[in-house]
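# Fold and contact review
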There are 2 protein chains.
Amino acid sequence: MLKQWIETEKPQEEALSARLKAVREKLAGQQMQVKDMKLPVLVLVEGWGTSGKGSCIGKIIKDIDPRFFKVASMEEPSVEEQRKPFLYRHFVKIPEAGKFQFLDSGWMDELMKEKLNHNMDAAEYANRVESVKRFERQLTDNGYLVMKFFLHISKKEQKKRIQNLMQNKDAKWRINQNDLWQNKHYEKCMDAYDSYLTDTNLPSAPWYIIDAKSRKWTELQILEILTRGIDIALNNHSLAVPLLQNVFPLVPMPKLSEIPLDKKVEEELYKPELKRLQHRLGELHNRLYRKKVPVIIAYEGWDAAGKGGNIKRLTEALDPRGYEVHPIASPEPHEKARHYLWRFWNRMPKTGHIAIFDRTWYGRVMVERLEGFCSENDWMRAYNEMNEFEKELHDWGAVIIKFWVQIDKDTQLQRFTERQNTPEKQWKITDEDWRNREKWDQYEEAINEMIQKTSTEYAPWYILESVDKKYARIKALQIVVEQLEKALK
Amino acid sequence: MLKQWIETEKPQEEALSARLKAVREKLAGQQMQVKDMKLPVLVLVEGWGTSGKGSCIGKIIKDIDPRFFKVASMEEPSVEEQRKPFLYRHFVKIPEAGKFQFLDSGWMDELMKEKLNHNMDAAEYANRVESVKRFERQLTDNGYLVMKFFLHISKKEQKKRIQNLMQNKDAKWRINQNDLWQNKHYEKCMDAYDSYLTDTNLPSAPWYIIDAKSRKWTELQILEILTRGIDIALNNHSLAVPLLQNVFPLVPMPKLSEIPLDKKVEEELYKPELKRLQHRLGELHNRLYRKKVPVIIAYEGWDAAGKGGNIKRLTEALDPRGYEVHPIASPEPHEKARHYLWRFWNRMPKTGHIAIFDRTWYGRVMVERLEGFCSENDWMRAYNEMNEFEKELHDWGAVIIKFWVQIDKDTQLQRFTERQNTPEKQWKITDEDWRNREKWDQYEEAINEMIQKTSTEYAPWYILESVDKKYARIKALQIVVEQLEKALK
């Protein structure tokens, strides 16, 4: 793409000013529509060093109400960020519905630096490009407007700018080693950028190469393309998108109705076995902390199935500095305003840490599906989105363990009634629980579909038969111990 | 994609039959919606030899009214087709709005064979993949539903099927050399298919890999995915899509108002110069015929600018067996029902032939734009679509010459009045001409934009100043001669 591109003809000063004035007014008007229509707008500005990315963003935001936008500059990943998955620090920056997020370079810049400076091999590069494409497609599929700009200047122009900055004592600090390196290896960088732009030029999120030879002209080009993109996105309200086929390796799973629930653990065996497994888990926790293996344990299950007690038996064995439990309730307004996976990306553990989720992203295909909190296209698409999400975590090196805590309908009734009749347990039971119970059959169908479609080899579901809660606890501990041993081998 | 894929679990016979029955009924119902909503549906079935592509299509169409679908099998390109651009024989097969077109393999198959059998080099392959992506994106951008299936079987299964066919005297003819070759080089083919599927897995037209181990199961998978795709497309009626930036090299062009129109040819020089140029053109026509260079000459211009007489001076010099003039009027219903470039793809010359277009695909950004025959998103997108279209023709080896025949408003009035007052010329002037004339300024703006945005290095516009028609004729001949000489060098 970059190689085919040719320099633009900059309009005359007068025409340029007139067009700038017109497009700034247009953007000022659009921001209210963006807010009303709840459109999230992500503006990614990539480009050569000294091409003026930052100052250009600085000008564009002048015409937007400060309540409606945020700006983030890509820094070198912090020590903390280096311990998170590749996409983490980008995903957490996506805007809320109705707001703009400007990024002064982002995942392209990060990937290009890694490729150019560390000679990333072809397979790893291809893998990263697939991650990026999935990331961007997940955003546009979910109604995000993703505008990607690449600010382009020639080798000569870049050299001139670097020299000018160097001669200016006050501006010298703005040149970094990377700019110098880039200019010296301009052709090599050009090759890498050109491939990347071509590889990630998605129909739903195309690249726009901007002629950055003059600041005003740069601003005008971006504003005109951005406002046009906003027009199109506002027009395409509530779009349905093609459902992708699963390409991840699935493991066959039984239906819930086929699972025998009479499994029990002998009372006298329970305590010693619990102690033994917890002790082993404690040791493993220590080792995975040192080896920096991240672990994600996800719990889903029927109301009153015993998730809480089960999680407790795990955490009892863990060093509190190395794990976190995330109880997941209905999303907060700022969470609801973003991609539904955002709040989970935000809760990703660092390498060496364990994150336990009490309810998870699978709410999308259970409660959100059944209560109509999202469209059919949304939840049908979600199976693949979750497999992609977990693939990303798996590729990062995470151990992913997903538990479905299973009981039958009678057992649930018995436990509900007991809760209702026991004053100190009454807080645990709500009207919603009873309402959900009425939809048992629909839930069962949805859960079966979820388990069939998202039990991947790298992140399978494990069923915990929990009519005997003790049995379920021992089984959970066994599975966690087993999986951690495998990962640490 | 193919490598990550794993075998599916085929449902039990009873469940399979029930699902087949349900989805067939669904499709039977959908065909009427497809018709009413004027949705064009392109179903591309690719896959391994002996995977059952043809028989699968045969079953699917049983439930569609024969008026609503067509089936085409990809054959080896005919001698005629080999003399057309790569995309020609695929583009001409796209369905009408409201109808289904099933393709028993298509451009993937063709490209894969070329790559595997003729060791196409990496650059050429990359070029072809870009062509394919543009082609598919142009279809989906213009409201086509493009469903792409790849029927997958294992090496062992393929071998078994080939052996079974060989043992059956009546079926033996169905095995071709390519199937045998494929099976022998299964891994090599797998690599090529996997890359292709990954490279062309567009968000707007994703690939679906179908487990083709059993016929009924294959049919069910395709039908379920197809009917879901139709649902989504029906929901996304009148979608606007992002406008791509131009990445083709443009040549700077003047505005119409900047062009002096006082150019003249001396009366006594006209005849001899005309004869000389026509003679030279005749010679060149002969040579390009032998060298198999295709030539496309496109005429646009104001009403009464003198296009007809200009074209006549060209054709006088040409051997009638080697050229065709295509007068372009409003599209016929069957043309209107397809992608607007379809009727031009259909009129592409063979190599060695000249096609002259009296009005062209640029109607999209002139009359269709101004009369509202297409949406704003449609015509704004068209500049890039035309640059892509002409790039495709250029890459194929065509010489592309585009003329804008220019006069001023007064000259037009004079010629209109003369036509009106001369009985034998009255047929040449209609009410529509007068109506268009009233929109002169809007047309001028649209034409300026068109000329600026579509004058590429490989297919630039040439302005023919035609207040003196003779001057314009000589200039046209000079340009054609010059360009053909350049191409034949």
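Everything discussed here concerns the structure shown above.
Throughout what follows, the structure given in this document is the object of discussion. None of the values given here were measured: they were computed from a predicted structure. Just so you know, the residues in each chain are numbered from 1, in the order the chain's sequence is written. Here every chain gets a letter starting at A, and every ligand a number starting at 1, in the order they are written. Given that this is a predicted model, residues contribute local features only at a pLDDT of at least 70 and side-chain atom pairs are listed and counted only at 80 or more, while totals for whole chains, interfaces and linings are drawn from all residues. The side-chain figures draw on all heavy atoms in the structure; neither hydrogens nor water molecules are used.

We now examine the interface of chain B and chain A. With 38 residues of chain B at the interface, the matching set in chain A holds 38 residues. Both sides of the chain B and chain A interface together cover about 3,000 Å² of buried area, and 60% of this is carbon and sulfur. Values labelled buried area give the accessible surface lost by two parts on being combined, using a 1.4 Å probe and summing over both. A per-residue breakdown of the area chain B buries against chain A is headed by P203(B), Q245(B) and V247(B), which together make up 21% of the total. Salt bridge criterion: a side-chain nitrogen from Lys or Arg within 4 Å of a carboxyl oxygen from Asp or Glu. At the junction of chain B with chain A, the criterion picks out 0 salt bridges. Here a residue-residue contact requires only that any non-hydrogen atoms of the pair lie within 4.5 Å.

Right, let's get into the packing of helix 11 (residues 267-290) of chain A against helix 20 (residues 469-488) of chain A. All names here are of chain A. Relative to each other, helix 11 and helix 20 sit at 30°, their axes nearing to 9 Å. Overall, the two elements helix 11 and helix 20 adopt an arrangement that is roughly parallel. Note that helix 11 runs across helix 20; the crossing there is left-handed. Packed against helix 11, whose contacting residues are E267, Y270, E273, L274, L277, Q278, R280, L281, L284, R287 and L288, the element helix 20 presents K470, R473, I474, L477, Q478, V480, V481, L484, E485 and L488 at the interface. To define axes, lines are fitted to C-alpha atoms, for helices over the stretch in contact only, and angles between the resulting N-to-C directions are given on a 0 to 180 degree scale. Runs of E in the DSSP output that reach at least two residues are strands. Runs of H or I that reach at least four are helices, and both are numbered from the N terminus. Angles are sorted into four bins: roughly parallel if under 35 degrees, roughly antiparallel if over 145, roughly perpendicular if 65 to 115, and oblique for all others. For any pair of crossing helices, the crossing counts as left-handed if the nearer helix is rotated counterclockwise from the farther one by less than a right angle, and right-handed if it is rotated clockwise.

All names here are of chain A. A helix is expected to reach a length of 1.5 Å times the quantity of its residues less one. Helix length check: helix 7 (residues 155-167), at 13 residues, gives a terminal C-alpha distance of 19 Å against a target of 18 Å (1.5 Å per residue), a fit within 8%. Each residue is assigned to one of three classes by its accessible area relative to the maximum for its type, calculated with a 1.4 Å probe on protein chains only: buried under 20%, partly exposed between the two thresholds, exposed over 50%. Along helix 7, the positions that sit buried rather than exposed are E157, Q158, R161, I162 and L165. One side of helix 7 carries all its buried residues, which in axial view fall inside an arc of 135°. Across from the buried face of helix 7, at angles greater than 90 degrees, the exposed residues are K156 and Q167. For helix 7, the elements touching its buried residues are helix 8 (177-184) and helix 9 (186-199). An arc is given here, and it is the one of the directions from the helix axis to the C-beta atoms.

This next bit is on the sheet that holds strand 3 (residues 100-104) of chain B. Residues and elements named next belong to chain B. Paired strands, as defined in this entry, are two strands with at least two bridges between them according to DSSP. Ordered by their spatial adjacency, 5 strands build an open sheet running 2-3-1-4-5, and the pairing between neighbours is parallel. The open sheet is flanked by strand 2 (69-73) and strand 5 (207-211), the only strands paired with a single partner. Averaged over all neighbouring strand pairs, the angle between strand axes comes to 20°, with direction disregarded. Pairing analysis gives 5 bridges linking strand 1 (residues 41-47) to strand 3, with the strands arranged parallel. Directly across from V43, in strand 3, lies its bridge partner F102. Across the sheet, helix 2 (residues 53-60) touches strand 1, strand 2, strand 3 and strand 4 (145-152), and the angle it forms with strand 3 is around 160°. Contacts between helix 9 (residues 186-199) and the sheet are confined to strand 4 and strand 5, with strand 4 contributing the most and set at about 160° to the helix.

Next up on the list: unusual backbone geometry. All names here are of chain A. Positive phi, normally seen in glycine, also occurs at R359, with a value near 75°. Along the polypeptide, R359 turns up in the loop between strand 8 (354-358) and helix 15 (367-370). Among the residues examined, R359 registers a relative accessible area of 27% and is labelled partly exposed.

It is worth spelling out the relation of the copies chain B and chain A at this point. When the copies are superposed, the least-squares fit draws on C-alpha atoms of residues that have pLDDT of at least 70 in both. Superposing chain B onto chain A takes a rotation of 180° plus a shift of 0.0 Å along the axis, which leaves an RMSD of 0.0 Å. Here the transformation between the copies is reduced to the relation of a two-fold axis.

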